[in-house]
Amino acid sequence: MSIQNEADWRPAPVTNRQIKFATVLAFFAWAFAVYDFILFGTLLPEIGRDLGLDTAEQAELITWMAIGAVLLGLLAGPVVDKFGRKAGMAFTTAGAGIASALTALAAVVPIWGLVAIRSLSGLGLSEQGVNGAYLSELYGASDDPRIKKRQGFIYSLVQGGWPVGAILAAALTAIMLPIIGWAGCFVFAAIPSLIVAALASKLRESPQFQSVQKLRRLQDQGAHQEAEQLSASLGIEEHETRSTLADIFRGRSLRTTLSLSMGHILNYFSVQVFSVLGTTVLVNVHNVSFTNSLAILLMSNLIAYLGYLTHGFLGDRFGRRNVIAFGWVTGGIVFTAMIYGPSDFWTVVALYSLGTFFLIGPYSCVLFFVGESFETRIRGRGAAFVAAVGPIGAIFSSALATTVLANDGTWATAAFLFGAIPCMLSGIAVLFSRKHPHVVDPVHASAAEVETELAD
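Residues numbered from 1 in each chain as written. Predicted model: local features only at pLDDT ≥ 70, side-chain atom pairs only at ≥ 80, totals over all residues. Heavy atoms only, no water.

Caption draft 1: Quick look at the packing of aromatic side chains. Taken as a whole, this structure holds 18 aromatic pairs when the rule is applied. Taking the centre distance of 5.2 Å and the plane angle of 45 degrees together, the rings of Tyr155 and Phe368 count as tilted. Pair noted here: Tyr155 is in helix H8 (residues 145-159) and Phe368 is in helix H17 (residues 363-372), with a separation of 213 residues, a long-range link. The buried category is assigned to Tyr155, whose relative accessible area is 0%. Assessed through its relative accessible area of 0%, Phe368 is described here as buried. With a centroid separation of 5.5 Å and an interplanar angle of 55 degrees, the aromatic rings of Trp328 and Tyr363 are classed as tilted. One end of the pair, Trp328, is in helix H15 (residues 320-340); the other, Tyr363, is in helix H17, with 35 residues separating them in the sequence. (Phe/Tyr/Trp six-rings, centres within 6.5 Å; stacked < 30°, edge-to-face > 60°. Helix = DSSP H or I, 4+ residues; strand = E, 2+ residues; numbered from the N terminus. Buried < 20%, exposed > 50% of the residue type's maximum accessible area, 1.4 Å probe, protein only.)

Caption draft 2: Layout of the pattern of salt bridges. Across all of its chains, the model carries 12 salt bridges by this definition. Where Arg118 meets Asp36, a salt bridge forms, and the shortest distance between an N and an O atom there is 3.0 Å. Residue Arg118 is located in helix H5 (residues 111-119), and its partner Asp36 is located in helix H1 (residues 16-51); the two are separated by 82 residues in the primary sequence. As far as burial versus exposure is concerned, Arg118 and Asp36 are alike and both buried. One salt bridge in this structure joins Asp81 and Arg381, with 3.5 Å as the shortest N-O distance. With a gap of 300 residues between them, Asp81 in helix H3 (residues 76-83) and Arg381 in helix H18 (residues 379-406) connect regions that are remote in the sequence. Residues Asp81 and Arg381 agree in their burial class; the two are buried. Here the salt bridges do not stand alone but share partners, grouping Asp81, Arg85, Glu137, Arg379 and Arg381 into one network. (Salt bridge = Lys/Arg side-chain N within 4 Å of Asp/Glu carboxyl O.)

Caption draft 3: How the structure looks around the side chain of Ser397. Inspection of the secondary structure assignment puts Ser397 in helix H18. If we ignore the near neighbours within four places in the chain, the residues touching Ser397 are Phe269, Gln272, Val273 and Phe418. (Contact = heavy atoms within 4.5 Å.)

Shown next, in the form of structure tokens:
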């Protein structure tokens, strides 16, 4: 196509087949990224024993790995915004696979080398941010009213890859650890992630990114008049094609970045206390036996999956921001009741499961809403940043809880201060964000649709 005709360019329509393939691949990408993350936590005692690390040294190792994972996770944003959404999915999923494969060398590399290797898992964890940015655009570009109406619920199925990945890690470890050892388990875990990364090359790029990419090319060729005409017809300001990480802290994006990041960090306090350290809390607060605590965790994870579907469904009808806020505030209240309520087994089961429903369930809305909250040129950076900074909350939560316990405090106090209260505050923080209009397809969206998006 000549430069003179570039102003008439339009991206090809998105088909339902392309959307289905992208949805399924995103689910597996996230499930296998979680598989790698949970696998390391599951096998850490085995690794620590072989490396001669006591529990304190293992805890220090995890802390440095978490910091490295946050820093490496930020790399996903520039890749997604410069090279495309499908490139971002391949990059992050491959990161999880490479992290798994190299972890098998833990016995022959120095500790700092293991920290560097496991920092790559941050790319895998940021994969959910890539999913949110990519699928929010792809669903928004669909001409199928069924997808438009149920896009949040469909995405909840993708985000449900977390419990699937966790169950895979636990089940396959139990089967394979006696046969191939912990190093073999990591080699095996790398294979599916690398396969998904290779399949990402077959994904359809989002029309929104293709539109911005086309404008960049025209600008680079000096065809400013054609770029201006095309940007006007696509509903994109001509200057909205270049980006840096600093752009998510400018203009209207600043409020969005601060509110969503703070909400995610605060909520990770709660995730660390009630999910990662769930058995510890149950055993120490209500004297639940370790065996029963595992049963409670299994039951609550099943209920949490229902929470994904429920919040995804409700988000389509009442707005994702409102559903997230309500869920997290309610979750904090329920966990408070669980902490200070009776120690009757079934009461603890009911309150802990309900709290998990409202803590974990809104994540089916969170990453999708994050994708909806930034303009196209910085959507990848914004989504990756919000996804990457969340684990900072887990680091602070563990450190503060340890401080309370070291000064004669109780787990009930620690769980309330650094679990239940941050959960409520995270819901309030999200209320300060708002959706950006350009998540709708700039090619097919009518002026009325854009006005509706702005009103939301």
